[in-house]
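Below, each chain spelled out in residue letters.
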Amino acid sequence: MNLRLAFAGLALAWLALLTGCATTAPGPDGRPVQRVDPWESWNRKVYNFNDALDTAVLKPVATTYRDVVPQPTRRGISNIFGNVSDLWSAFNNVLQGKVNDGMQDVMRVTTNTIFGLGGFFDVATEMGLDRHNEDLGQTLGRWGIGAGPYVVWPFFGPSTLRDSFALPVDRSVSPALAFNDSLARYAVVGVGFVNERAALLGATGMLDDIALDKYTFIRDAYLQRRRSLVYDGEVPESKDERYDQDEAPASAPAAAPTPAAAPASAPKP
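Residues numbered from 1 in each chain as written. Predicted model: local features only at pLDDT ≥ 70, side-chain atom pairs only at ≥ 80, totals over all residues. Heavy atoms only, no water.

The next point concerns helix H4 (residues 99-115). Counted at 1.5 Å a residue, the expected span for H4 with its 17 residues is 24 Å, and the 24 Å between its end C-alpha atoms agrees. When we look at burial in H4, the residues that qualify are Gly102, Asp105, Arg108, Val109, Thr111 and Asn112. Here the buried face of H4 lies against helix H3 (71-95) and helix H5 (123-126). The positive-phi residue at the C-terminal boundary of H4 is Leu117, with phi of around 55°. (Helix = DSSP H or I, 4+ residues; strand = E, 2+ residues; numbered from the N terminus. Expected span 1.5 Å × (residues − 1). Buried < 20%, exposed > 50% of the residue type's maximum accessible area, 1.4 Å probe, protein only. Contact = heavy atoms within 4.5 Å.)

What follows is the structure, encoded as structure tokens:
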């Protein structure tokens, strides 16, 4: 156990070092300036791969799923996955010191599990228990770990260096954990993935119409949204966190869709 804790501490220290050094460069006045996308050449190639995969496979499957499965059923499936995410959110709220929010998430899970048929119905929201949607990436941000460079992963889509460390854990939290059989686990994950992609069909269609450069639009929206989530919408102003003018995130909707190949909240085994 002590060895594991030591390893985790070293990993966090290494992550802090990377995020503190890899994203800054001297500005015209000699002060550090954030470089949000130093790996843009690589990221664009991965984005194009994800987009091509989505166009050829994922979007047609999701469209068929949407046309065949009734909307109340799709919403219920989303609620079940959301119910499990609420439990993970409660854990991360406690790690961030937001105990009251964590207890509210626990109440959401309890209410929806008992009165919402295992979470199929979102009774808790109707009772005024709001969802908080906290994850490990946000928790690391609250602990002072900087976001680091923007990165696009094959299949998984947009992330940052910090969120990439949290990605395997965050993606593993799903109803699939309740199954021991591998085939059943992957079936549950597949349904959740397709259901999530179907929910984004309208948003991605709008993105095709309004964005001249979808890569830049998605990158800026993702970075703004993640920064807002880390600070619960109250982002502090800091002279040490200025952006390079050539890479400054443009104004973009906080809820802009993630790259098509992998929705941000899609569950993973």
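Another aspect to go through is unusual backbone geometry. Backbone geometry at Leu117 places phi at a positive 55°, although glycine is not the residue there. Relative to the assigned elements, Leu117 resides in the loop between H4 and H5. At Phe155, a residue that is not glycine, the phi angle is positive and equals roughly 75°.

Now for the environment of Arg108. Within the secondary structure, Arg108 is located in helix H4. Considered as a pair, Arg108 and Arg131 are 23 residues apart in the sequence and their alpha carbons are 7.8 Å apart. If sequence neighbours within four positions are ignored, Arg108 has contacts with Asn83, Asp86, Asp122, Ala124, Thr125, Leu129, Asp130 and Arg131. Within the structure, Arg108 has its side chain in polar contact with the side chain of Asp86 (distance 2.9 Å). Engagement of the side chain of Arg108 in a polar contact is seen with the side chain of Thr125, the distance being 3.0 Å. (Polar contact = N/O pair within 3.5 Å; in protein donor to acceptor, adjacent residues only side chain to side chain.)

Inspection of the secondary structure puts Asp170 in helix H7 (residues 161-172). Buried charge Asp170 goes without a salt bridge, the closest partner of opposite sign being Arg226 at 5.6 Å. From its side chain, Asp170 meets the backbone nitrogen of Gly137 in a polar contact 3.5 Å long. (Lys, Arg positive; Asp, Glu negative; His and termini not counted. Salt bridge = Lys/Arg side-chain N within 4 Å of Asp/Glu carboxyl O.)

Counting residues in each nonpolar core, the largest one holds 12 residues, listed as Val36, Val46, Tyr47, Tyr150, Val152, Leu207, Ala211, Tyr215, Phe217, Ile218, Tyr222 and Leu223. Among the elements of the structure, helix H2 (40-68), strand S3 (150-153) and helix H10 (214-230) are those that each provide at least two residues to this core. Looking at this core, the element that brings in the most residues is H10, giving five residues. With 10 residues, the next largest nonpolar core counts Ala62, Val69, Ile77 and Val189 among its residues. (Core = buried A, V, L, I, M, F, W, Y, C linked by side-chain atoms within 4.5 Å.)

Before going further, it helps to examine the packing of aromatic side chains. Within this structure, the stated rule accounts for six aromatic pairs. Taking 5.9 Å as the distance between ring centres and 65° as the angle between the ring planes, the aromatic pair formed by Tyr47 and Tyr215 counts as edge-to-face. Here Tyr215 lies in helix H10 and Tyr47 lies in helix H2, a separation of 168 residues in the sequence. According to the relative accessible area criterion, Tyr47 is buried, its value standing at 7%. Since its relative accessible area comes to 2%, Tyr215 is described here as buried. (Phe/Tyr/Trp six-rings, centres within 6.5 Å; stacked < 30°, edge-to-face > 60°.)

On to the pattern of salt bridges, then. Tallied over the entire structure, the rule returns 16 salt bridges. Residues Asp67 and Arg66 are paired through a salt bridge, measuring 3.4 Å at the closest nitrogen-oxygen approach. Look at Asp67 and you get exposed, because its relative accessible area is 55%. When its relative accessible area of 34% is taken as the criterion, Arg66 is described as partly exposed.

Next up on the list: the packing of H2 against helix H8 (residues 182-199). Where H2 meets H8, the axes come as close as 8 Å, and the angle between the chain directions of the two elements is 90°. As far as their axial angle goes, H8 and H2 are roughly perpendicular. Seen from H2, the contacting residues are Asp54, Leu58, Lys59, Val61, Ala62, Tyr65 and Arg66; seen from H8, they are Phe193, Val194, Asn195, Arg197 and Ala198. Of the residues in the contact of H2 with H8, the class split is seven nonpolar, one polar and four charged. (Axes fitted to C-alpha atoms, helices over the stretch in contact; angles between N-to-C directions. Parallel < 35°, antiparallel > 145°, perpendicular 65-115°, else oblique. Nonpolar A, V, L, I, M, F, W, Y, C, P; charged D, E, K, R; others polar.)

Asp54 marks the point of greatest bend in H2, at about 50°. By the burial criterion, the buried members of H2 are Asn43, Val46, Tyr47, Asn50, Asp54, Leu58, Ala62 and Tyr65. Contacts made by the buried residues of H2 are with H3, S3, strand S4 (157-160), H8, helix H9 (201-210) and H10. (Bend = angle between axes of the 7 residues up to and from the residue.)

Right, let's talk about the side chain of Lys98 for a bit. Within the fold, Lys98 resides in the loop between H3 and H4. A distance of 2.9 Å separates polar atoms of two side chains, one belonging to Lys98 and the other to Asp232.

From the geometry alone we can't say anything about function, so treat these as descriptive.
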